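Chain and residue survey
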Amino acid sequence: MSLAMPPVPHKDDLESTWSFLEAGIESVMLNLDAGIDMKTYMGLYTAVHNFCTSQKAVSSGQGLQAQRGAHLLGEELYKLLGEYLSRHLAEVYKQSQSHTEEGLLGFYIREWYRYTTAAKYVNHLFRYLNRHWVKREIDEGKKNVFDVYTLHLVKWKEDFFENVHEKVMDAVLNLIEKQRNGETIEQSQIKSIVDSFVSLGLDENDSSKSTLDVYRTYFQKPFIAATKTYYENESRQFVAENSVVEYMKKAEARLDEEKSRVGLYLHPDVTKSLTDTCLDVLVTAHSTLLRDEFQILLDNERQEDLARMYRLLSRIKEGLDPLRTTFENHVRRAGLAAVERVASDGDNFEPKLYVDALLQVHTRYQNLVDDAFAGESEFVRSLDNACREFVNRNHICKVSSSKSPELLSKYTDSLLKKGSKSAEESELEEMLLQVMTVFKYIEDKDVFQKFYTKSLAKRLVHTSSVSDDAETSMISKLKEACGYEYTNKLQRMFQDIQISKDLNNNYKDWQDKVLDDDDRKRLADAQFQILGNGFWPLNAPTTPFLAPPEIVKTAERFQKFYFDKHSGRRLSWLWQLCKGEIKANYIKNAKVPYTFQVSTYQMGILLLFNETDTLSYTDIEKATTLAPEILDPNLSILLKAKVLIASPEGAKPEPSTTFTLNYNFKNKKIKVNLNIQIKSEQKVETEDTHKTIEEDRKLLLQSAIVRIMKSRKKMKHVQLVQEVIQQVKSRFPPKIPDIKKNIEALMEKDYIERMDGDEISYIA
């Protein structure tokens, strides 16, 4: 069914033109579904065009006056259209009053769709008006003049929207609350309402542009207020009836729901405001409650719940700060407790136990930081602070502050030394990485360096390294962590060993040329290592030693070869580091002769028994010239292994004891290792190492002071102390009294002098 159209008007007749147009617009507005035939549509379009181009003027005359007349005709038409729309919308409003809640939403959406669809058609009918009169008015800066489509929206807002928006929003908010309570709703209704509110946002200064002002004022503002109230009530009640962990799950679920709600039917513009409101109500308001639960979750290792707490509190300002402090204290306590458990059985624990205890704590909480706290840099810093504390200041470190680096170095030595428990290559690399994890936290890095250098020297000298690759891998890790200076000597030691290998090959070739078979038989089969004085942490022997003739001949032969190649050099024999193997051809009932692995001192003692079966303590002492503190422990080892038998029976090595070769010696192994380090030697060695560390620190401090003063010339005492701390802290944390003591020492040596006003000056 379509409305009857009046006859086509005369182009100069405003009244009949408008009657004709109004009937057509009404048909479009109310009966668009039934369609509109092209003839009628074109008739309406033509009527607007003809009327707007009519030359009839309000007063007679041509030119400007005629244009003004046409101008007034356009204005009249525009005004009549506006009045029609107001009457139309008044009727729509009247109909809306019989609807409520979801019924009202349905009505609003249907009417909005009908009205805006019709507006597009009417806008097309009035295209000539838009193109000429409306454009000219807007160009001249007239306010409240819009293209015909926008006029429809303006009228909708003024004559309908203003009257119904509160009821519409109440219905929308009720619908959203139902959904939050778990009911299923028609989400598309809310989406349509949002879209209509957005469409009503017009820029007053430029009608071709849109704004979100209407949407923000009439939709977003009440929506956010309702959201705040809803979650305030819900969270208050939920917290009262449930555990904190359950509340966190609820809060996280609600935050996810609200985020997805934006994608489903809200405008993206609401995102920040909605998120901030939800976080404020669900997290910030209950942050103290959450933080109070943090320690309990840590104690019970509730990783999933800790991750949830982190995710929630990380989203609010300064939400995590108190947690980081709690976490740091917790890790520190865990580390200290782990060390105390290791030390509970006294001092005789393996370095491995100690390092493993440190690593277990670090690994556990590193995993927690990575998994629960997303590897967040500030939690990493808290972990590092805690580890630095319990690695350097624990129960074992109370005895000596440098105990951690010493034990770590000994553990590293056990990894890199050949033994029955040597790890696979891939495992060893992983273990060395773990060593570096602990090393990172060590403050006294110079102590580690000193002990490590000594143990590396022994491994290289005794060829007891598990592999060259493992050794170089460890050195490169230390170089990466501390720089070239830290590993310079270690690398030079390696070079010496490589050069020595080549030297031994050359020596072998030389022997083949110059020695006959008899000469070769008289010499021991030997390998030599030439170690540079300045790079190896090795001391001269602490005892005189008269080497056996077999060794003396071999040593002299090598010296001749060496001095022919390198004149002007001096060789010092480090007998205490030499070792060898000797065959025991004298033992009865031995199917295969035993091989004794011995130190050179032990070799010197045993070779004396080639001439006789029994020797007195004094005979041995005179023949070897070994000092009693070296001779006695070595004799004890030979007695304990039953290679020698003491007389009287069970006697200790002393001047009244005699020693006899045991012809009935028995051992499960064919190769018998007698070259065992004596515990008292280990203790002395450790003490000596600590003494050299103190000396090195003194030199390091003094060189830092001189270096600073040389570049600065003059400085305040306090500034100098601070700069020295900065320069040496990567090696060890210096004590201020030690710095002051070394400043005084340099003053006495006339490197620097004290000036007036606590200033220090460099003496050039």
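Residues numbered from 1 in each chain as written. Predicted model: local features only at pLDDT ≥ 70, side-chain atom pairs only at ≥ 80, totals over all residues. Heavy atoms only, no water.

Our focus in this paragraph is the confidence of the model for the protein chain. Within the protein chain, residue pLDDT values average 87, and 93% of them lie at 70 or more. Throughout residues 56-70 the model reports pLDDT below 50, and contacts reaching past four residues in sequence, or to other chains, amount to 13 contacts. (pLDDT = per-residue confidence, 0-100. Contact = heavy atoms within 4.5 Å.)

Enumeration over the complete set of coordinates arrives at two cavities of 30 Å³ or more. For the largest cavity, the calculated volume is near 60 Å³. In terms of lining residues, the largest cavity is bounded by Y93, S96, Q97, H99, L104, N163, V164 and K167. Those elements giving two or more residues to the lining of the largest cavity turn out to be α3 (64-96) and α6 (148-180). Broken down by element, the lining of the largest cavity gets its largest block of residues, three residues, from α6. Across the lining of the largest cavity, the residue classes tally to three nonpolar, four polar and one charged. Contributing to the lining of the second largest cavity are L358, H362, C387, F390, V391, T437, V438 and Y441. Going through the elements one at a time, α14 (351-372), α15 (377-392) and α17 (425-441) are the ones with two or more residues in the lining of the second largest cavity. Here the residues of the lining of the second largest cavity are counted per class, giving six nonpolar, two polar and no charged. (1 Å grid on protein atoms, 1.4 Å probe; cavity = no way out; pocket = protein on both sides within 12 Å on 5 of 7 lines; lining within 4 Å. Points joined across faces, edges and corners; volume = space filled by probe spheres on them. Helix = DSSP H or I, 4+ residues; strand = E, 2+ residues; numbered from the N terminus. Nonpolar A, V, L, I, M, F, W, Y, C, P; charged D, E, K, R; others polar.)

Pairing in this open sheet of three strands is mixed, and the strands run β3-β4-β8 from one edge to the other. Edge positions in the sheet fall to β3 (579-584) and β8 (671-673), since each has one partner strand and no second. Ignoring strand direction, the axes of neighbouring strands in this sheet form an average angle of 25°. Bridge analysis of strand β4 (residues 594-599) against β8 gives three bridges, and the strand direction is parallel. Each residue of the ladder has a partner; that of T595, found in β8, is K671. Running at roughly 125° to β4, helix α23 (residues 600-607) makes contact with β3 and β4 of the sheet. (Pairing = 2+ DSSP bridges. Axes fitted to C-alpha atoms, helices over the stretch in contact; angles between N-to-C directions.)

Moving on, we get to the sheet that holds strand β10 (residues 752-754). Strands sit in the order β9-β11-β10 across an open sheet of three strands; the sheet is antiparallel. A strand with exactly one partner marks an edge of an open sheet, and here the two such strands are β9 (714-716) and β10. Recorded for the sheet is a direction-independent mean angle of 25° between the axes of neighbouring strands. Pairing between β10 and strand β11 (residues 759-762): three bridges, direction antiparallel. The residue of β11 that forms the bridge with E753 is S761. Across the face of the sheet, helix α27 (residues 717-728) comes into contact with β9, β10 and β11 while running at roughly 95° to β9. Contacts from helix α28 (residues 736-748) reach β10 and β11, with the element oriented near 105° to β10.

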